[in-house]
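What the coordinates show
For reference, the chains in residue letters:
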Amino acid sequence: MSAAAIRSLALAVICLAMLVAPAVLGDFSVTLLNYVAIYTLVALGLVLLTGCGGLTSFGQAAFVGIGAYATAYLSTTLGLSPWLGLVAALVLTSVTALIIGVITLHLGGHYLPLSTIAWGMAIYLLFGNFDFLGRYGGISNIPPVSLFGYRLEHMTQVYYLVWIAVGAALLVASNLLRSRQGRAIRALRGGEVLAECLGINPFKIRLFVFVLAAALAGLAGWLYAHMQKFVSPAPFDLRAGIEYLLMAVLGGSGYVAGAVIGAAAVALSKNWLQDLLPYVTANSGNLEIVVFGALFILLLQHSRGGIVPLVLRYLPQAARAPAVPHAPSADRLPVRTMPTAGQQLLVLKGVSRSFGGLIAVNDVSFSVNAGELLALIGPNGAGKSTTFNLITGVIPPTSGTISYGGRDLTGASPRVALAAGIARTFQHVKLRPAMSVLENVMLGAYSRSSSGFLAGALRLDRAEEAIVRAAALRQIARVGLAEQASTAAGNLALGQQRLVEIARALVADPSMLMLDEPAAGLRSREKAALAELLKAVRDAGTAILLVEHDMDFVMRVANRIVVLDFGKKLAEGAPEAIRKNPAVQEAYLGGVA
Amino acid sequence: MNLDIAILLIEDGLASGAIYVLMALGFVLVFNVTRVIFVPFGDLVSYAALTLASFQLQRTPGTIWLLVTLAALAILLEVLRLYRIGQFARLPRALVVWGVLPLLPVACTLLLDGFALPSYVAIPLTFALILPIGPLLYRIVFQPIANAPVLVLLMVSVALHFAVSGLALMYFGPEGMRTTPLVQGAFDLFGIAISASLLLIVGVAAALSIALLLFFRLTLTGKALLATASNREGARLVGIRTATTSAAAFLVAGIIATVAGVLISPMTTIYYDTGLIVGLKGFVGSVAGGFVSYPLAALGGVIIGQVESFSSFYASAFKEAIVFAAVIPVILARWLWASNAHIEEHDEE
């Protein structure tokens with residue numbers, strides 16, 4: 001039986017078990033399962049937000065509260081249908097998240113999670129102080145949801161509603177993560193420079209995930225209100241927020257399934273603690289939170305990955321990494337018209353960049369012509385990588401101008417540089433180690449494809465995905481990694497990781513390719529193959545700007561060489577002339593003895 | 001609102017603002033040195049206030065049980081570590097540092113149990129009981145994951161807060177306590193009445209802030225802390241034990257928290273969970289300083305005090321909500337301020 005068949009069989013068994021569960025289990029267990037479902041929705045939002053997008057939120061419970069209170073107010077005070085309450089819950093949580101997100105998501109690092117504590121607290125305090133929300137007394141007598149005139153009153157009836165919601169949410173989330181925008185979400189984690197250089201707008205993606213996670217929490221709040229038939233501020237405080245985060249982290253925050261597993265583990269262990277602790281101490285209610293805190297600390301100290309990765313380690317390889325479907329596609333991505341060979345493409349005029357008192361790049365001018373391979377060489381610290389970052393807009397120059405194909409790129413963002421036709425690799429490899437080689441390379445085609453979030457979530461993007469996949473596989477084969485396409489990028493040797501970066505840059509269909517030390521870490525046979533590849537790429541019309549320390553390699557492939565030393569241009573010319581240049585020899589060898 | 005009320009509100013805001021300044025400085029200090037956002041910092045304020053109140057009520061403060069538990073855990077960890085690296089010769093020193101030192105004040109407390117303690121005994125004893133908590137928490141919780149990403153440290157920190165404040169509920173119960181004022185009376189300054197306790201709070205907060213500044217400028221330990229803050233690897237290379245400097249940062253945080261707790265407890269009734277709110281307000285202040293600038297963090301603390309005081313007049317039910325929502329405009333201002341900085345890169349997996 002194939003791995004895919006085993007997967008579908010397992011899924012069918014799980015679905016069937018879920019279907020008959022209420023008939024077999026008692027009321028108490030069904031209620032517990034309903035809570036697991038509601039927790040799962042919130043934890044799923046956090047899986048997308050924290051595990052995939054790298055944004056931590058302690059405030060999700062506040063969004064659950066907004067959803068719950070919205071529908072509670074609408075269906076009791078205003079006497080409207082719970083289904084209108086659902087619309088209100090989703091709209092209100094999304095709009096709130098949008099406003100908070102627009103303000104706070106620009107912040108990097110630890111600012112964002114900390115601000116979530118503050119606004120989470122503020123929203124919770126609002127619930128308890130508004131008269132129309134019943135202050136700390138809350139709102140009671142919330143009607144159950146009716147479906148085709150059938151009131152979902154009993155816990156076993158609610159069971160199907162909540163678990164259908166969970167099933168749909170899990171499906172949408174896993175579709176999304178495997179789509180173009182889903183890859184962009186996963187690319188955010190670990191730094192934004194890569195995302196920017198791939199043409200991804202990190203702010204837009206973050207905002208989307210943040211709103212999506214809030215909407216999932218709002219949905220959970222809606223279900224909660226109509227299941228409990230009562231809402232009060234207490235379940236939406238900071239403590240609940242951290243519990244949701246605990247679920248996501250415990251389950252394995254990079255995995256969609258982690259949401260269910262984490263939610264179930266927390267709900268069950270909470271239940272178990274409530275049964276057990278009264279035997280240990282008289283004031284068990286207080287000890288519960290202490291035990292929880294301690295368990296969370298132990299988990300983060302010893303197994304930060306969570307449960308899912310632990311389980312995956314014991315599954316057969318086939319179940320972990322599904323084989324890459326190699327479907328050659330007749331359609332191709334739109335192709336750039338290459339500039340005519342010999343035409344001036346990239347022009348740097350008097351470019352300087354200083355960091356505090358250090359001048360890393362000092363009044364450097366050179367140009368790259370279409371169809372040529374220009375090597376940028378120089379001793380360590382000569383300013384080569386800084387020059388790369390200046391050209392691709394990762395950092396702006398202090399003075400001077402940079403233009404590309406007649407277009408001014410001075411101070412432009414990496415996304416503008418990419419749109420102009422520049423794709424690059426990095427000296428310190430920037431891959432997403434948990435994603436497969438294929439997925440990493442497909443990221444390179446982000447700027448050439450267009451599927452949106454909705455198309456990805458509903459699998460309407462399959463035609464474009466097939467084309468992108470085929471394009472990525474072609475470039476992977478070109479750099480000689482066809483065998484490793486489904487391997488996690490982090491498992492490759494460093495030299496191979498550099499090749500993955502080259503394939504990723506090539507998929508962007510650049511008119512100029514910038515390679516930062518591509519041959520470092522390669523063996524001599526691999527270097528020869530790389531040299532052939534670079535020549536082929538150049539002959540197909542793509543200009544190449546190369547930084548490399550291996551002089552034999554440079555001399556073999558370069559048409560022209562620019563030498564930098566201490567941030568200044570030392571020499572420029574054909575390889576032979578550079579080899580004989582006394583100033584260059586002095587810089588490299590410290591003077592001819 | 002007339003001028004008298006405005007002056008009253010400003011004075012009120014100054015008193016709580018002074019506390020928030022201390023908290024903000026503490027957050028910045030611990031974060032800079034250890035990269036930990038020390039959420040349980042506020043809980044230490046609760047512990048300090050409740051410990052002092054317990055002494056005044058002639059009860060045994062539950063703090064001693066926290067210390068006993070933490071000391072036992074720390075010793076266990078030290079024994080395991082020394083066993084693993086096979087250096088049992090260093091065990092006596094570890095026992096003294098992690099066992100004897102924290103348990104000394106516990107012993108004193110038990111000896112003096114039942115006596116009516118005057119302030120000049122109760123306050124130092126409170127300090128002695130609270131100070132070891134910071135380093136002990138660092139040793140047990142943060143030191144094993146000192147190199148983890150900031151976000152992991154933050155999650156651990158939040159979880160630790162729940163554990164520590166849950167224990168506070170067990171030790172001190174849900175009732176609030178209030179201590180007797182340290183000073184009485186009022187002064188007259190150009191026709192404005194200023195209470196002695198306001199003067200004490202602002203004076204002590206200012207003195208402690210300046211003392212911290214001098215500590216960093218003038219002492220070797222202070223400089224080692226600064227070095228660890230600016231570059232952990234570099235500090236290691238020049239022979240600074242980063243574990244020690246980190247524990248020292250938590251010790252200083254303990255001093256700040258105890259001062260804040262002793263100052264705040266005559267002003268307002270302190271419950272087991274009051275500290276979190278006090279700490280978070282100080283945190284909102286430190287956000288203004290972007291977690292790196294001490295003067296900006298202090299300024300943020302002063303402003304939060306005023307915002308709180310005036311919103312309690314205009315919309316008392318929403319006082320807390322307004323203060324926490326204030327973090328958003330503060331962050332926005334920070335962002336506009338620093339928006340020309342280039343893309344932040346954090347390689348964390």
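Contact with chain A, which involves 50 residues of that partner, is made by 50 residues of chain B. When the two sides are added together, the surface that chain A and chain B hide from each other amounts to roughly 4,500 Å², 78% of it contributed by carbon and sulfur. The interface formed by chain A and chain B holds 0 salt bridges in total. Where the side of chain A that touches chain B is concerned, the elements lending two or more residues are α4 (82-104), α5 (111-129), α8 (192-197), α10 (238-251) and α12 (284-302) of chain A. If one sorts the elements of the side of chain A that touches chain B by residue count, α5 of chain A sits on top with 12 residues.

The next thing to look at is the pattern of salt bridges. Counted by the stated rule, this structure contains 22 salt bridges over all chains. Note that Arg560 of chain A and Glu572 of chain A form a salt bridge whose closest N and O atoms lie 2.6 Å from each other. Of this pair, Arg560 of chain A sits in strand β13 (residues 560-565) while Glu572 of chain A sits in strand β14 (residues 568-573), placing them 12 residues apart in sequence. Two residues, Glu78 of chain B and Arg139 of chain B, come together in a salt bridge whose shortest N-O distance is 2.7 Å. Highlighted residues: Glu78 of chain B in helix α3 (residues 63-85) and Arg139 of chain B in helix α6 (residues 133-142), separated in sequence by 61 residues.

With that settled, the discussion passes to the sheet that holds strand β10 (residues 422-424) of chain A. Residue and element names in this part refer to chain A. Read from one edge to the other, the open sheet built from 6 strands follows the order β10-β11-β12-β7-β13-β14, with strand pairing classed as mixed. Each edge of the sheet is formed by a strand with only one pairing partner; in this case those strands are β10 and β14. Recorded for the sheet is a direction-independent mean angle of 20° between the axes of neighbouring strands. Sitting on the sheet, helix α15 (residues 384-391) touches β7 (373-377), β10, β11 (512-516), β12 (543-547) and β13, and the angle it makes with β11 is about 150°. Contacts between helix α21 (residues 524-539) and the sheet are confined to β7, β11 and β12, with β12 contributing the most and set at about 145° to the helix.

A word on α10 of chain A. All names here are of chain A. For α10, which comprises 14 residues, the first-to-last C-alpha distance of 20 Å matches the rise-based estimate of 20 Å (1.5 Å per residue) to within 8%. With 13 of 14 residues buried, α10 lies mostly within the body of the structure. Phi turns positive one or two residues past the end of α10, at Gly252, with a value near 120°.

All names here are of chain A. Partitioning chain A into structural domains gives domain 1 (28-245) and domain 2 (345-589). Placing a centre on the C-alpha atoms of domain 1 and another on those of domain 2 gives a separation of 42 Å. Residue-level contacts link 26 residues of domain 1 with 28 residues of domain 2. One salt bridge connects Glu196 with Arg415, and the closest N-O pair in it is separated by 3.3 Å. Connecting domain 1 to domain 2 are 10 residue pairs in polar contact (both at pLDDT 80 or more). Among the elements that line the side of domain 1 that touches domain 2, the one with the most residues is helix α7 (residues 180-188), at 6 residues. Of the residues belonging to the side of domain 1 that touches domain 2, the class tally is 12 nonpolar, 7 polar and 7 charged.

Definitions and limits used
Residues numbered from 1 in each chain as written. Chains lettered and ligands numbered in written order. Predicted model: local features only at pLDDT ≥ 70, side-chain atom pairs only at ≥ 80, totals over all residues. Heavy atoms only, no water. Contact = heavy atoms within 4.5 Å. Buried area = accessible area lost by both parts, 1.4 Å probe. Salt bridge = Lys/Arg side-chain N within 4 Å of Asp/Glu carboxyl O. Helix = DSSP H or I, 4+ residues; strand = E, 2+ residues; numbered from the N terminus. Pairing = 2+ DSSP bridges. Axes fitted to C-alpha atoms, helices over the stretch in contact; angles between N-to-C directions. Expected span 1.5 Å × (residues − 1). Buried < 20%, exposed > 50% of the residue type's maximum accessible area, 1.4 Å probe, protein only. Domains from an automatic or database assignment. Polar contact = N/O pair within 3.5 Å; in protein donor to acceptor, adjacent residues only side chain to side chain. Nonpolar A, V, L, I, M, F, W, Y, C, P; charged D, E, K, R; others polar.

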